[in-house]
Amino acid sequence: LVRLRSRLSRSQNALGKGLLAILSRDRLDDDAWDEVEETLIGADVGVQATTEIVERLRERARVLGTSSPAELRKLVADELTAALGPDMDRTLKATPHDGRPAVVLVVGVNGAGKTTTCGKIARVLIADGHSVLLGAADTFRAAAADQLATWAGRVGAEVVRGPEGGDPAAVAFDTVKRGTETGVDSVLIDTAGRLQNKVGLMDELAKVKRVIERHGPVDETLLILDATTGQNGLEQARVFTEVVDVTGVALTKLDGTAKGGIVIAVQRKLGIPVKLVGLGEGPDDLAPFEPAQFVDALLG
Ligand code: GDP
């Protein structure tokens, strides 16, 4: 939690300190509540979610007749946590079952942090005693496969790659095949994310998924979202959810934004559980997402 807190320090300053400063005033009049609203919107929580959160906060503060900063902090924490769907299943389905490896398909736009997150997840799985095979299904850029291979070397995973310009679905198929034959625990498939050719990309992803499913189900389709892209990123995310059945979201670069409220917007708009958060570029800068703990870190 201490680490989460220090990595979120920018968000913390903007949202946590801002909110708490307003709520510690002697009088919480309409202006103060407007400022609470502005602070939440400024942190990318989203307009609709903010309106609802502030309405409930006002009502609860009124009913409780409360004005002590500690009590108000708790109210805020409760409301933000509630807005994050605290009861959703956030386990990453990345461990083997029924005698076969778990298959995780990693999707998202270029630069969102797919390759980095693949490396970090592999790191966690390997630390837990699992064997991991990575598949470089972004065959469009040789650099992408090189980068995945570098991560594989760094964390001690194997990697399957195809010829540059080859068929991504073939690489995905070969990776799952090899993973099954060699009995690895987890197969992580890194995909391309060129949004310039949206139709082509989406067809490609759908095909990758179909081809993997010839071996068996994809256990987790993880959408990687860059927290610094804010509401724009959310629109792009929707395109992916329409093509592949996304089962979880990893929100990266939360260390690089003052707008930690984006997690609430993602959760609400997509209705898909945020399972992981990226907090830096290093191999250990990945944390499971847990609403109450996250809100605690955010409020400082
Ligand atoms: P991809 O194109 O989706 O595979 O994205 P990459 O994995 O190549 O990441 C793009 C850039 O974002 C790289 O410079 C990464 O180091 C950086 N990055 C990824 N995740 C995080 C994160 O959680 N925090 C920060 N600060 N940088 C990140």
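As named in an unreviewed UniProt entry, the protein chain is Signal recognition particle receptor FtsY, taken from Planosporangium mesophilum. For the protein chain, the Sequence similarities (unreviewed entry) comment in UniProt is given as "Belongs to the GTP-binding SRP family. FtsY subfamily."

*Asks:* Residues and numbers for helix H11 (residues 262-270), please.
*Replies:* Most of H11 is tucked away: seven of the nine residues are buried. Ile262, Val263, Ile264, Ala265, Val266, Gln267 and Leu270 are the residues of H11 that are buried.

*Asks:* Talk me through the site of the ligand; I want residue IDs and the actual numbers.
*Replies:* Around the ligand there are 17 residues in total, and Gly111, Lys114, Thr116, Asp255 and Glu281 lie nearest to it. For the ligand, an oxygen atom lies 2.8 Å from a polar atom in the side chain of threonine 115. Here an oxygen atom of the ligand sits 2.6 Å away from a polar atom, N or O, in the side chain of threonine 116. Coverage of the ligand by the protein chains reaches 80% of its 590 Å² of free accessible surface. For the shell around the ligand, the element with the most residues is helix H6 (residues 114-127), which contributes four residues.

*Asks:* Can you break down the nonpolar core residue by residue, with the values?
*Replies:* With 97 residues, the main nonpolar core has Leu251 and Leu254 as its most contacted residues. The contacts of leucine 251, once residues within four sequence positions are left out, are Leu225, Ala227, Ile262, Val263, Val266, Val274, Leu276, Val277 and Gly278.

*Asks:* Quick rundown of the packing of aromatic side chains? Include the residues and the values.
*Replies:* Counting across every chain of the model gives one aromatic pair. Residue placement shows arginine 154 over the ring face of tryptophan 151; its charged tip is 4.3 Å from the ring centre. Positioned above the aromatic ring of phenylalanine 140 is the side chain of arginine 194, whose terminal nitrogen or guanidinium carbon lies 3.9 Å from the ring centre.

*Asks:* Explain the pattern of salt bridges residue by residue, including any values.
*Replies:* Opposite charge on two side chains permits pairing when their charged atoms draw close. Applying the stated criterion across every chain, the model contains 25 salt bridges. Of the charged contacts, one joins arginine 60 and aspartate 78 as a salt bridge, the two residues approaching to 3.8 Å between their closest N and O atoms. Of this pair, arginine 60 sits in helix H4 (residues 47-64) while aspartate 78 sits in helix H5 (residues 69-83), placing them 18 residues apart in sequence. Since its relative accessible area comes to 31%, arginine 60 is described here as partly exposed. Linked by salt bridges that have partners in common, Arg56, Arg60, Lys74, Asp78 and Glu79 make up one network.

*Asks:* So what's going on with the sheet that holds strand E2 (residues 132-137)? Which residues, and what values?
*Replies:* Strand order in the open sheet formed by eight strands is E3-E2-E4-E1-E5-E6-E7-E8, with mixed pairing between adjacent strands. Edge positions in the open sheet fall to strand E3 (158-161) and strand E8 (286-288), since each of these has one partner strand only. Adjacent strand axes in the sheet meet at a mean angle of 25° when their direction is disregarded. Where strand E6 (residues 248-252) meets strand E7 (residues 274-278), three bridges bridge the pair, whose relative direction is parallel. The partner of alanine 250 across the bridge, within E7, is leucine 276. Sheet strands touched by helix H8 (residues 168-182): strand E1 (102-107), E2, E3 and strand E4 (186-191). Its angle to E2, the strand with the most contacts, is close to 170°. Helix H10 (residues 230-243) rests against E1 and strand E5 (220-226) of the sheet, and its axis sits at about 155° to E5.

*Asks:* Tell me what's going on with unusual backbone geometry, and back it up with residues and numbers.
*Replies:* Here the phi dihedral of aspartate 98 falls at roughly 50°; this positive angle occurs in a residue that is not glycine. Relative to the helices and strands, aspartate 98 is located in the loop between H5 and E1. Classification of aspartate 98 as exposed rests on a relative accessible area of 74%. Residues other than glycine seldom take positive phi values, yet lysine 253 does so here, at roughly 60°.

*Asks:* Which residues make up the packing of H6 against helix H7 (residues 142-155), and what are the values?
*Replies:* For the pair H6 and H7, interaxial distance at closest approach is 9 Å and the crossing angle is 20°. The pairing of H6 with H7 is recorded here as roughly parallel in orientation. Crossing angle aside, the handedness with which H6 passes H7 is right-handed. Between H6 and H7, the contacting residues are Thr115, Thr116, Cys118, Gly119, Lys120, Ala122, Arg123 and Ile126 on the first element and Ala144, Gln147, Leu148, Trp151, Arg154 and Val155 on the second.

*Asks:* Before we move on, can you summarise helix H12 (residues 291-299) with the specific residues and values?
*Replies:* Among the residues making up H12, those that are buried are Pro291, Phe294, Val295, Ala297, Leu298 and Leu299. For H12, the secondary structure elements touched by its buried residues are helix H1 (2-7), helix H2 (9-23), H5 and H11. One or two steps after H12, the chain reaches glycine 300, where phi turns positive at roughly 70°.

*Asks:* Provide a residue-level description of the UniProt feature "domain: SRP54-type proteins GTP-binding" (unreviewed entry) in the protein chain, including the pertinent values.
*Replies:* As annotated in UniProt, the feature "domain: SRP54-type proteins GTP-binding" (unreviewed entry) corresponds to residues 273-286 in the numbering used here. A distance of 16 Å separates the end C-alpha atoms of residues 273-286, which is 0% helix and 43% strand.

*Asks:* Residues and numbers for the packing of helix H9 (residues 198-212) against H10, please.
*Replies:* Between H9 and H10, the least distance of the axes is 10 Å, while the angle of their chain directions is 40°. Taken as axis vectors, H9 and H10 run oblique relative to one another. Seen along the crossing, H9 lies across H10 with a hand that is right-handed. When H9 is examined against H10, the residues Lys198, Leu201, Met202, Leu205 and Ala206 are found in contact with a partner set consisting of Val239, Phe240 and Val243. Here the contact of H9 with H10 is composed, by residue class, of seven nonpolar, no polar and one charged.

About the criteria used
- Residues numbered from 1 in each chain as written.
- Predicted model: local features only at pLDDT ≥ 70, side-chain atom pairs only at ≥ 80, totals over all residues.
- Heavy atoms only, no water.
- UniProt positions renumbered as here; feature names shortened; annotations may be inferred.
- Buried < 20%, exposed > 50% of the residue type's maximum accessible area, 1.4 Å probe, protein only.
- Helix = DSSP H or I, 4+ residues; strand = E, 2+ residues; numbered from the N terminus.
- Near = heavy atom within 4 Å.
- Polar contact = N/O pair within 3.5 Å; in protein donor to acceptor, adjacent residues only side chain to side chain.
- Areas by Shrake-Rupley, 256 points an atom, 1.4 Å probe, with all protein chains shown as cover.
- Core = buried A, V, L, I, M, F, W, Y, C linked by side-chain atoms within 4.5 Å.
- Contact = heavy atoms within 4.5 Å.
- Phe/Tyr/Trp six-rings, centres within 6.5 Å; stacked < 30°, edge-to-face > 60°.
- Lys NZ or Arg CZ within 6 Å of the ring centre and 35° of its normal.
- Salt bridge = Lys/Arg side-chain N within 4 Å of Asp/Glu carboxyl O.
- Pairing = 2+ DSSP bridges.
- Axes fitted to C-alpha atoms, helices over the stretch in contact; angles between N-to-C directions.
- Parallel < 35°, antiparallel > 145°, perpendicular 65-115°, else oblique.
- Left-handed = near helix turned anticlockwise from the far one by under 90°.
- Nonpolar A, V, L, I, M, F, W, Y, C, P; charged D, E, K, R; others polar.

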